[in-house]
Each structure stands twice: as C-alpha cells, then as structure tokens.
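# Observations on the three-dimensional arrangement
Chain residues, written in single-letter form:
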Amino acid sequence: MVLARTNDACLEAFSPSKRLRFLYADVSETARRLAAAHKLSAPAARLFGKALAGLGLLGVDVGEDDEVLCFDADLQGPLGGFHLERDGNGHLRGHVFETRPETLLPSGEEPTDAALCGRAARVKITRVQQGGGAIRSQMSFAVEPATPDVVLTAFFNNAIPTRVVLSATEWDGEPDRVRALALQRLPGAEDKDFDRVAALFADGTVADQLAFDATLATMRDVLDLWDLKTGPTRALAFGCSCSAKRVFASFAKRPAAELRALAASGRTVPFRCHLCGREYPVGPSALASILRHLTPTKKEDKK
Ligand SMILES: [Zn+2]
C-alpha cells in the first residue's frame, strides 16, 4: 500500500521564448480511490486512470466554475467505454463500463491499451450547468484507434497542434502515479522548437519522466526549456454529487407497482452510485416512505 504522496491538481505552463504551452494534470489519488471503489482490475485501472488524467487536461481549458464537464467514450474494444465528470470545484468521478476487460480478450492476447480499447472510439464532451441544469455545449467526434491518448490528442489538435502523453503506473495492483502532459504550439513558435519537444513526447522520454518525477525543475531540465514557468495550480480531488436524498428521489421515479412489490418483499435493495461506487441501502421503511410521498398520478400507475 502506497500512501498518497501527491495532491491531485492541474495547471498550465509556458515557455515564452519558444512559444510553447503545456497542460499538466496529476490525478493519482483520485484514480487510486475510484479504482478501489469500482474494484477495477489492474488493466482497467490503468486505462481509467489515463482517461481521468486526460479529463484533468481538458478541465484546464474547458468548463466554468458553475459547470460539470462530462467526458464520455464508447469504445469498440472489451473496455466498452467510460463516463467521467469534473465539476466546477475540481471534483472528479466516473467509471469504466467493464471492470475486468482483459477477461474478454482472446486467450493469450496481451491486455495492452490498444487491445482493450479496440479499433474506434466515439467521444462526447459535454458542458452541463451544475446541479442537473441545461447542456451548454456538446461536441462529438470519432477517432481510431480508441486509446485515451489518441482521443485527447484528437480533441486538442482540432484547435491547435498538440501532443499528449498519459502515464499510469501501478504498484501492487493499484494505480500509483497517474499523470498527463500536453504540449501545444502557440502562434509564432518555430517548427524546430516544437518538433524537438514533440520528439520527447513520441520517444517515451516524457512518459518515463511522468512515471518518476514531474516537478517544474525536472521538467525544465528534461524538456531543455530554461524559461518554463507555470500558471496557477488548480486542485483536483475525488468528489461525487450522490446522496441518500438523490437515491430516494430516483427510486420515486420507478413505477409504483414495482416499489410496492419491493416494499412487500421486506428486502433491503442496494443502490450503487455508478460514478463513485458508493452503496446506499434502501430498506423497507425507506420504500414505504417513498410510496407515501408519491404524487396521486403516480399512485394510480398500475404497470
Ligand atoms: Zn456517487
């Protein structure tokens, strides 16, 4: 068991002389917590962590303080897809569709990112007003292959030349260091400067460094950018908006006949939040209370 040694956060950085911009996210603690809550296998946790780190990058540029940023992907591979959210307070939550995708691979096939994600991804990025409000914007696109780094690169490349590295190491079957770094070419940058740093993204240098140490001093050294400086750090942390009250409200939307049957059975029905894995037991007395508060039209529902 590795104790948390980092605080999850995201930030942007610049090299003014070379006109290069960087986005950075560390989501190690949140990835560890959610992988445990969702009981993810090590390969599922690795991909979940990379997608979550990607969401950390997205949140640097996208989303206001009163918005939830939703990052969805449907994948053709065994992982199936993921749904991730980041709210305006930097709270992260979400899940992958298959918790043990490697078991769905043909026997003998290595559970690489490419094998588990499959050939193509359909991606949706949505900004929703916080508190279950209106959708403010939504963009969809498809990419091949379907791995999270390809998805993130495609998203950012749409606006500005970008390279993305997502890194998720494990320790004892749990996510350890889960980090992301993006390189962007600002207007006025020279080809040779962008290409030199992009080569460090392509040859594994940046991935190796993220797995080890990603302090500003080290990154200046590794990227050979003496004037690299960072903007304000924004905190990221696990946080879900689920509550017993919301669970009861969602039960109240079920057909009255189903609720009456559940109440009559005398059983406690477990309700699991798919975003954070928390379980809420809904017992007979809670079901009876929900039935008492149903609207008259709902009570007449005989289905
Ligand atoms: Zn939850």
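Keep in mind that what you see is a predicted model, and the values were worked out from it rather than measured.

Let us look at the coordination of the zinc ion. Donor atoms from the polypeptide that coordinate the zinc ion comprise Cys-240 (SG), Cys-242 (SG), Cys-273 (SG) and Cys-276 (SG), at 2.2 to 2.3 Å from the metal. Around the zinc ion sit 4 donor atoms; with metal-centred angles ranging over 104 to 114°, the donor geometry is tetrahedral. Between consecutive donor residues of the zinc ion, the sequence gaps follow C-x1-C-x30-C-x2-C. Of the two residues, Cys-240 is situated in the loop between strand 12 (237-238) and helix 8 (244-251) and Cys-273 in the loop between strand 13 (269-272) and strand 14 (279-282); the sequence distance between them amounts to 33 residues. Cys-240 gets classed as partly exposed once you look at its relative accessible area, which sits at 23%. Residue Cys-273 is classed as buried on the basis of its relative accessible area, which comes to 7%.

Counting 67 residues, the largest nonpolar core has Leu-57, Leu-58, Phe-71 and Phe-251 as the members making the most contacts within it. The leading source of residues in this core is helix 2 (residues 42-61), at 11 residues. The residue makeup of this core includes at least three contributed by each of domain 1 (9-238) and domain 2 (244-299). When residues no more than four places from it in sequence are discounted, the contact partners of Leu-58 are Leu-69, Phe-71, Ile-125, Leu-152, Phe-155 and Phe-156. With 21 residues, the next largest nonpolar core counts Ala-13, Leu-210, Met-219 and Leu-228 among its residues.

Our focus in this paragraph is the packing of aromatic side chains. Tallied over the full model, the rule gives 4 aromatic pairs. When the ring of Phe-71 is compared with that of Phe-82, the centres are 5.1 Å apart and the planes differ by 70°; the resulting orientation is edge-to-face. In this pair, Phe-71 sits in strand 3 (residues 67-75) while Phe-82 sits in strand 4 (residues 81-86), placing the two residues 11 residues apart along the sequence. Across this residue pair, the class does not change: Phe-71 and Phe-82 are buried. Their ring planes at 75° and their centres at 5.2 Å tell us that Phe-155 and Phe-156 sit as a pair that is edge-to-face. Judged by relative accessible area, Phe-155 falls into the buried class, the value being 13%. Residue classification places Phe-156 among the buried positions, given a relative accessible area of 4%.

So, on to the environment of Pro-145. Tracing the backbone shows Pro-145 in the loop between strand 7 (135-143) and helix 4 (148-157). The partly exposed category is assigned to Pro-145, whose relative accessible area is 40%. With 24 residues separating them in the primary sequence, Pro-145 and Ala-121 have C-alpha atoms 7.1 Å apart. When sequence neighbours within four positions are dropped, the list of residues in contact with Pro-145 reads Gly-118, Arg-119 and Val-150.

Across a regular strand the side chains alternate sides, sitting on one face of the sheet and then on the other. When you tally the buried positions in strand 4, you get 6 out of 6 residues, the bulk of the element. Where burial is concerned, the two faces of strand 4 agree: the one with Gly-81, His-83 and Glu-85 and the one with Phe-82, Leu-84 and Arg-86 are both buried. Counting the residues that bridge the hairpin from strand 3 to strand 4 gives 5 residues, and of these Gly-80 lies at a positive phi of roughly 85°. Both strand 4 and strand 5 (residues 91-96) contribute to a ladder of 5 bridges, which runs antiparallel. Bridging from a neighbouring strand, Phe-82 pairs with Val-96 of strand 5. In this structure, the hairpin formed by strand 4 and strand 5 is closed by a connection of 4 residues, where Gly-90 is found at a positive phi of approximately 85°.

Turning to the domain arrangement of the chain, a few remarks are in order. The domain boundaries assigned to the chain delineate domain 1 (9-238) and domain 2 (244-299). Centre-to-centre separation of domain 1 and domain 2, based on C-alpha positions: 37 Å. Facing 9 residues of domain 1, the contacting portion of domain 2 comprises 5 residues. When the buried area of domain 1 at its contact with domain 2 is split by residue, Ala-37, His-38 and His-95 rank highest and sum to 52% of it. One can count 0 salt bridges joining domain 1 with domain 2. Those elements giving two or more residues to the side of domain 1 that touches domain 2 turn out to be helix 1 (28-37), strand 4 and strand 5. For the side of domain 1 that touches domain 2, the element with the most residues is strand 5, which contributes 3 residues. A breakdown of the residues in the side of domain 1 that touches domain 2 according to their chemical character gives 3 nonpolar, 4 polar and 2 charged.

Reading guide: rules and limits
- Residues numbered from 1 in each chain as written.
- Predicted model: local features only at pLDDT ≥ 70, side-chain atom pairs only at ≥ 80, totals over all residues.
- Heavy atoms only, no water.
- Donors = N, O, S within 2.8 Å, 3.2 Å for Na, K, Ca; no water.
- Tetrahedral: all angles 85-135°; square planar, octahedral: opposite > 155°, others 65-115°.
- Helix = DSSP H or I, 4+ residues; strand = E, 2+ residues; numbered from the N terminus.
- Buried < 20%, exposed > 50% of the residue type's maximum accessible area, 1.4 Å probe, protein only.
- Core = buried A, V, L, I, M, F, W, Y, C linked by side-chain atoms within 4.5 Å.
- Domains from an automatic or database assignment.
- Contact = heavy atoms within 4.5 Å.
- Phe/Tyr/Trp six-rings, centres within 6.5 Å; stacked < 30°, edge-to-face > 60°.
- Pairing = 2+ DSSP bridges.
- Buried area = accessible area lost by both parts, 1.4 Å probe.
- Salt bridge = Lys/Arg side-chain N within 4 Å of Asp/Glu carboxyl O.
- Nonpolar A, V, L, I, M, F, W, Y, C, P; charged D, E, K, R; others polar.

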